[in-house]
Amino acid sequence: MTWRSVTPPSEGGVLDSGVPEDGGSAPQLTIEHIVRAGIDVADTEGLDALSMRRVATDLGASTMALYRYVASKDVLVALMVEAALTGVPLPETLPWNWRHGLETAAHRDWELYHRHPWILSMVLVTAWTHSSPALAADSESAFSAFDGLGLEPTDAFRYMFMFASYVQGVALTYVSDVEAERQARSAGRRTAHEPDDEHSSF
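Residues numbered from 1 in each chain as written. Predicted model: local features only at pLDDT ≥ 70, side-chain atom pairs only at ≥ 80, totals over all residues. Heavy atoms only, no water.

Visitor: For this particular structure, what's the right way to read helix 2 (residues 52-59)?
Guide: Helical geometry note: an α-helix holds 3.6 residues per turn, so side chains three or four residues apart project in the same direction. Among the residues making up helix 2, those that are buried are M52, V55 and A56. Taken down its axis, helix 2 places every buried residue within 100° of arc, on the same side. In this structure, helix 2 carries R53 and T57 as exposed residues pointing more than 90 degrees from its buried face. Packing partners of the buried residues in helix 2 comprise helix 1 (31-45), helix 3 (63-66) and helix 4 (73-86). One or two positions beyond helix 2, positive phi appears at G60, with a value near 70°. (Buried < 20%, exposed > 50% of the residue type's maximum accessible area, 1.4 Å probe, protein only. Helix = DSSP H or I, 4+ residues; strand = E, 2+ residues; numbered from the N terminus. Arc of directions from axis to C-beta. Contact = heavy atoms within 4.5 Å.)

Here you go:
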């Protein structure tokens, strides 16, 4: 189960449909292309590497061109979270019982964090939550594990909070390892390209 402080952009956040007005040879941008490029950057290099300029460069477009479609980096990240969540399908059937329901939710979340380690920081249970279609669907699916148990809403929420905290706590270890490996690779590449001081001067 995922929780979070991302709000899907309003009409003011997504600015264009993605059809070039001049019909020229500039890259044909769409919101979907921009979001996919943003996810690719975050998946391979982490969320810190994400910027509107970086995404524009990867798409072969100007930075200002991106702002015709997505108003800001925050809006882009919100769209990326929505796309990543919907990319891991929710179960199509109701759980057999509460244990099966929670196991299914945990496996889905684990797959999400493996695909997109960066998303964990965006959906932590301790974060302030806002409305979001994908997050609402995710929460509703997870809470269905408690259907038929006769729990008071406050009790169901408390149990779900405990469950999500445990799953995300375990995932934090995995994500930390992924980030450490990424930083080590990055440091190795920088070292490989640095001149050897012993042979760099004449």
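Visitor: Help me understand the layout of surface pockets in this model?
Guide: Which parts of space are left empty comes out when a probe the size of a water molecule is rolled across the atoms. Here the largest pocket defines a volume of roughly 220 Å³. What lines the largest pocket is a set of 17 residues, and nearest its centre among them are P91, T93, T104, S141 and S144. Of the pockets and cavities examined, the second largest pocket occupies roughly 170 Å³. Lining the second largest pocket we find A42, E45, G46, L47, D48, P117, W118, V175, V178, E179 and R182. At the level of elements, helix 1 and helix 7 (153-193) are the ones that each hand at least two residues to the lining of the second largest pocket. Tallying contributions element by element places helix 7 first for the lining of the second largest pocket, with 4 residues. Broken down by class, the residue content of the lining of the second largest pocket amounts to 6 nonpolar, 1 polar and 4 charged. (1 Å grid on protein atoms, 1.4 Å probe; cavity = no way out; pocket = protein on both sides within 12 Å on 5 of 7 lines; lining within 4 Å. Points joined across faces, edges and corners; volume = space filled by probe spheres on them. Nonpolar A, V, L, I, M, F, W, Y, C, P; charged D, E, K, R; others polar.)

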